[in-house]
Amino acid sequence: MELLQQIDLSEWLRNIFLYDKNAPLIFTRFFFWAFFAVALAGYSLVYKNKNRSIRAGYLFVASLFFYYKSSGFFFFILLFSTLTDFFIGKYIYRSKNELTRKFLIALSVVVNLMLLAYFKYAYFFIDSINLMLGTDWQVVNHLALWANEATGTHFNVNQILLPVGISFFTFQTISYSVDVYRGETKPVNNLVDFGFYVSFFPQLVAGPIVRASGFVKQIYEDYHLTRAEFGWAIFMILKGLIKKIFIGDYIAVNFVDRVFSDPVTHSGFENLMALFGYSLQVYVDFSGYTDIAIGVALLMGYRLPQNFNSPYKAKNVGDFWKRWHMSLSSWLKDYLYIPIGGNRNGSVFSYVSLGIILAIIVLLAGKLILVPVLAGAVLIFAALAYFIPSLKQKIDTNLNLMLTMLLGGLWHGASWQFIIWGGLNGVGLVIYKLWRKISPWEKYDNWLVNIWKIALTFTFITFTRVFFRSESMTVVKGMLHQITSDLKLSIIPEVLLAYKWVFVVMFFGFFIHWLSSKWKERIEKWFVEAPFWVQAVLAAVTVIVVYQSISSDMQPFIYFQF
């Protein structure tokens, strides 16, 4: 009996402290809330300490444990990125030589992007080279190889896994170095404070992307949390759980994933509804994560930026990207779009970016014949810009916009689907820029015109999602074929009846999203001002209802894969 108890205790401790790839630490698992409760209990002992680095150090350690439980030994990659940019930022600030400062900022960008490219695009580059040159190169995980040689471990050297959240924390460390270079923020006091800034667990693996200029100063402020902020934090957490589990996971498991897995076996109407369902799913999934992150961070006294603002209320594509994944959109604008020329002109950076994208297109196609074709197209546009000066700024500014969206697509992954998705959104932005100058509807702001604008924008964004969600172009073709040639309107009543609860949940999700902001603010205000006991009862009921709706194992957040 005593031996069994020891075995059970040992197993229990392993489950708590060791990484399990089948049970990562995510917001929707009960283990996370146990972790957060313990972390919050420990935080209550240090949060008022006058030495802010003790508070930051405690949360840095807690965040590293969180990341280890979410991604295993990839937390060494997080530490490497943290160390690199801490010292680069420090030397940028100290240096008085502009050439040295430019070298250091370039070093930060190159190191971070090379790290990202190695983990995210290694298979893409090797497969493309093999396709074009007929070679048989294999991907080698050099980090695993070095670890095996140094420590005698047995990591698989023939497989490169993507560290969770690498796209987010590399962008975050790049922005820190750039902000220090621009003089928009001062370096943090020490490595512990910087490690906390980079790894703060609520937003570590899926954002929002936090700027140093907006977050670092909070490290050195006194802890403060008003009664209203406490209520709002709880409200955000509950709202996030409802979005993610009750709406997103339910429609994904019971409908959307089934259709996308084999679109040709479903009618055109089912494919169309799955496409609109995915538009809802990806929003509630990602914004649900952000809501929980904002609420959890606020309970510890830290304010994270808003990441979504009812994006499906957007009246045009430009408005949509001001409302969707706002931290990434603003990051791309400030650190990519404006530096390459923005809406003013082109730059060397513009043409370097264009060359990178065209090279990736050639690699994706696997055909060297595209090199002269694409080069010829570039020369034609360059000639037009040179001989017709009035066209130059239009070509440059629209090129900058397209490049930003294409690179935004590639940030999600190197595939035709993401290239096309980014390109379609870029085309949508360019067309709207031209259309609004001649549109007779721009001056109207009545409810009928607004409904039309919102519906048109939402439909276009939903159409682009087929490329974002599909795992291959075969799935894209199958889905579009079914929608355009096999709609089968006669079976609509049968489909609605078969998936009645899915469509009820979808209707609920869209209804809440399109509900007037005034009504949402009233509901939020009522909860925030309600007595503690009312908030506690509502929280308990919400948690019970939400977790009762789970129909399979916990679904990972969609943006964990990026």
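Quick caveat: nothing in here was measured; it's all calculated off a predicted structure. (Residues numbered from 1 in each chain as written. Predicted model: local features only at pLDDT ≥ 70, side-chain atom pairs only at ≥ 80, totals over all residues. Heavy atoms only, no water.)

## Overview of the overall build of the chain
Going by this rule: The numbering of helices and of strands both runs from the N terminus, where a helix is a DSSP run of H or I of at least 4 residues and a strand a run of E of at least 2. Between buried and exposed lies partly exposed: a residue is buried under 20% and exposed over 50% of the maximum accessible area for its type, with that area taken using a 1.4 Å probe on protein chains only. Contacts: residue pairs with any heavy atoms within 4.5 Å of one another. For the area figures, the Shrake-Rupley method with a 1.4 Å probe applies, and any residue is considered shielded solely by the protein chains shown.
When helices and strands are counted, the chain shows 23 helices and zero strands. By residue count, 51% of the 562 residues in the chain fall in the buried class. Sequence separation of 24 or more characterises 76% of the internal contacts of the chain that already satisfy a separation of 6 or more. Per element, the accessible surface of the chain, about 27600 Å² overall, is 69% carbon and sulfur.

## Some thoughts on the pattern of salt bridges
Note the cut-off: We define a salt bridge as a contact between a side-chain nitrogen of Lys or Arg and a carboxyl oxygen of Asp or Glu at a distance within 4 Å.
Per the stated rule, a full pass over the model turns up ten salt bridges. Within the structure, one salt-bridge network assembled from shared partners comprises K244, D249 and D285.

## Points about a nonpolar patch on the surface
Counted only if it meets this: For patch detection, residues must exceed 30% relative accessible area and be free of salt bridges, and they are connected within 9 Å for like charges or within 5 Å for nonpolar side chains (Val, Leu, Ile, Met, Phe, Trp, Tyr).
Together, V427, I431, W435, I438, W441 and Y444 line one region of the surface with nonpolar side chains, adding up to about 630 Å² of accessible area. Position of W435 relative to the elements: it lies in helix α17 (residues 416–438). Taking relative accessible area as the criterion, W435 reaches 39% and is therefore assigned partly exposed.

## Some thoughts on a positive patch on the surface
Let me state the cut-off plainly: Asp and Glu count as negative and Lys and Arg as positive, but His and the ends of the chain are not part of the count. Charged side chains are reduced to one point each, which is NZ for Lys, CZ for Arg, CG for Asp and CD for Glu.
Among the surface-exposed residues, K322, K333, K394, R436 and K437 lie close enough to one another that they form a single positively charged patch. By the secondary structure assignment, R436 is in helix α17. Judged by its relative accessible area of 43%, R436 falls in the partly exposed class.

## Notes on helix α8 (residues 191–199)
Taking burial as the measure, the nine residues of α8 include seven buried ones, the bulk of the element. Packed against the buried residues of α8 are α3 (52–71), α4 (75–94), α7 (166–182) and α9 (212–219).

## Describing the layout of surface pockets
Note the threshold: Here a cavity denotes a set of grid points, spaced 1 Å apart and computed over the protein atoms alone, in which a 1.4 Å probe fits but from which it cannot get out, and a pocket denotes an open set meeting protein on both sides within 12 Å along at least five of seven lines; residues with an atom within 4 Å of a point are reported as lining. Grid points are joined across faces, edges and corners, and a volume is the space filled by probe spheres set on the points. Gly is put with the polar residues, along with every residue not named as nonpolar or charged; the nonpolar set is Ala, Val, Leu, Ile, Met, Phe, Trp, Tyr, Cys and Pro, and the charged set is Asp, Glu, Lys and Arg.
The computed volume of the second largest pocket comes to approximately 1100 Å³. The wall of the second largest pocket is formed by 35 residues, among which F235, K239, K243, K520 and E524 lie closest to the centre. Those elements giving two or more residues to the lining of the second largest pocket turn out to be α10 (227–261), α11 (268–299), α21 (500–514), α22 (517–529) and α23 (532–548). Among the elements that make up the lining of the second largest pocket, the one with the highest residue count is α10 (eight residues). For the lining of the second largest pocket, the residue count by class is 19 nonpolar, ten polar and six charged.

## Here's the deal with α11
Rules: Every helix has an expected span of 1.5 Å times one less than the residues it contains.
Here α11 spans 46 Å end to end across 32 residues, near enough to the 46 Å set by a 1.5 Å rise per residue. Of all the 32 residues making up α11, 31 are buried; the element is thus mostly covered by neighbouring parts of the structure. Directly beyond the C-terminal end of α11, a positive phi value near 95° is found at G301.

## Things to note about the packing of aromatic side chains
Worth spelling out the cut-off: Ring pairs are drawn from Phe, Tyr and Trp, using the six-membered ring of Trp, whenever the two centres fall within 6.5 Å, and their geometry is named by plane angle: stacked under 30 degrees, edge-to-face over 60, tilted for the rest. Should the NZ of a Lys or the CZ of an Arg lie within 6 Å of a ring centre and within 35 degrees of the ring normal, that charge is described as sitting over the ring.
All told, the structure shown has 64 aromatic pairs when counted by the stated rule. On the basis of an interplanar angle of 50° and a centroid distance of 5.6 Å, the ring pair of F276 and F458 is categorised as tilted. Linking F276 in helix α11 with F458 in helix α18 (residues 447–469), this pair joins segments that are 182 residues apart in sequence. Just as F276 is buried, F458 falls in that class too. Directly above the aromatic system of F31 lies the positively charged group of K69, at a separation of 5.1 Å from the ring centroid. We note R522 situated over the ring of W519; from NZ or CZ to the ring centre the distance is 4.9 Å.

## So, the side chain of N254
Quick note on the threshold: N or O atoms closer than or at 3.5 Å make up a polar contact, with two conditions inside protein: a donor-capable atom paired with an acceptor-capable one, and, for residues adjacent in sequence, both atoms drawn from side chains.
By the secondary structure assignment, N254 is in helix α10. Looking at N254, its side chain comes within polar contact range of the main-chain oxygen of Y250, at 2.8 Å.

## A closer look at the packing of α4 against α7
This is how it is decided: Between the N-to-C directions of two axes lies an angle of 0 to 180 degrees, each axis being a line fitted to C-alpha atoms and, for a helix, fitted only over the stretch in contact. Geometric relationships in this document are graded by angle, where less than 35 degrees denotes roughly parallel, more than 145 denotes roughly antiparallel, 65 to 115 denotes roughly perpendicular, and other angles denote oblique.
As a packed pair, α4 and α7 sit with axes 9 Å apart at the nearest point and diverge in direction by 10°. It follows that α4 is roughly parallel to α7 by the angle criterion. For the pair α4 and α7, contact is made by I77, L78, S81, D85, I88, G89, I92 and Y93 and by I166, F169, T173, Y176, S177, V180 and Y181, respectively. Residues that form the contact of α4 with α7 fall into these classes: ten nonpolar, four polar and one charged.

## Regarding the environment of I16
Following the sequence through the fold, I16 ends up in helix α1 (residues 2–17). A C-alpha to C-alpha distance of 9.3 Å links I16 and F35, two positions 19 residues apart in sequence. With residues up to four places along the chain from it excluded, the contact list for I16 reads F31, F65 and K69.

## Quick notes on the packing of α3 against α8
What describes two packed helices is the angle between their axes and the distance between those same axes. The criterion, for reference: Crossing handedness: left-handed means the near helix sits turned counterclockwise from the far one by under a right angle, and right-handed means the same turn made clockwise.
It is at 8 Å that the axes of α3 and α8 come closest, and there the two elements cross at 45°. Between α3 and α8, the crossing angle belongs to the class labelled oblique. Where α3 crosses over α8, the two elements pack in a sense that is left-handed. Residue-level inspection shows S53, A56, G57, L59, F60 and S63 of α3 in contact with α8, the latter providing V192, D193, G195, F196 and S199. Here the residues of the contact of α3 with α8 are counted per class, giving five nonpolar, five polar and one charged.

## Notes on unusual backbone geometry
For S310, which is not a glycine, the phi torsion comes out positive at approximately 45°. Of note, S310 is situated in the loop between α11 and α12 (317–323). Classification of S310 as buried rests on a relative accessible area of 12%. In this model, H325 sits at a positive phi of 40°, which is unusual for a non-glycine residue. Tracing the sequence through the fold places H325 in the loop between α12 and α13 (326–337).

## Section: the side chain of Q482
Within the secondary structure, Q482 sits in helix α19 (residues 473–485). In this structure the side chain of Q482 is engaged in a polar contact, spanning 2.7 Å, whose partner is the backbone oxygen of H266.

## Quick notes on the confidence of the model for the chain
Stated precisely, the cut-off is as follows: Per residue, pLDDT measures the predictor's confidence, with a range of 0 to 100.
In the predicted model, the chain carries a mean pLDDT of 83, and the fraction of residues at 70 or more is 88%. Within the chain, the element-level pLDDT minimum falls on α1, averaging 60, and the maximum on α21, averaging 94.

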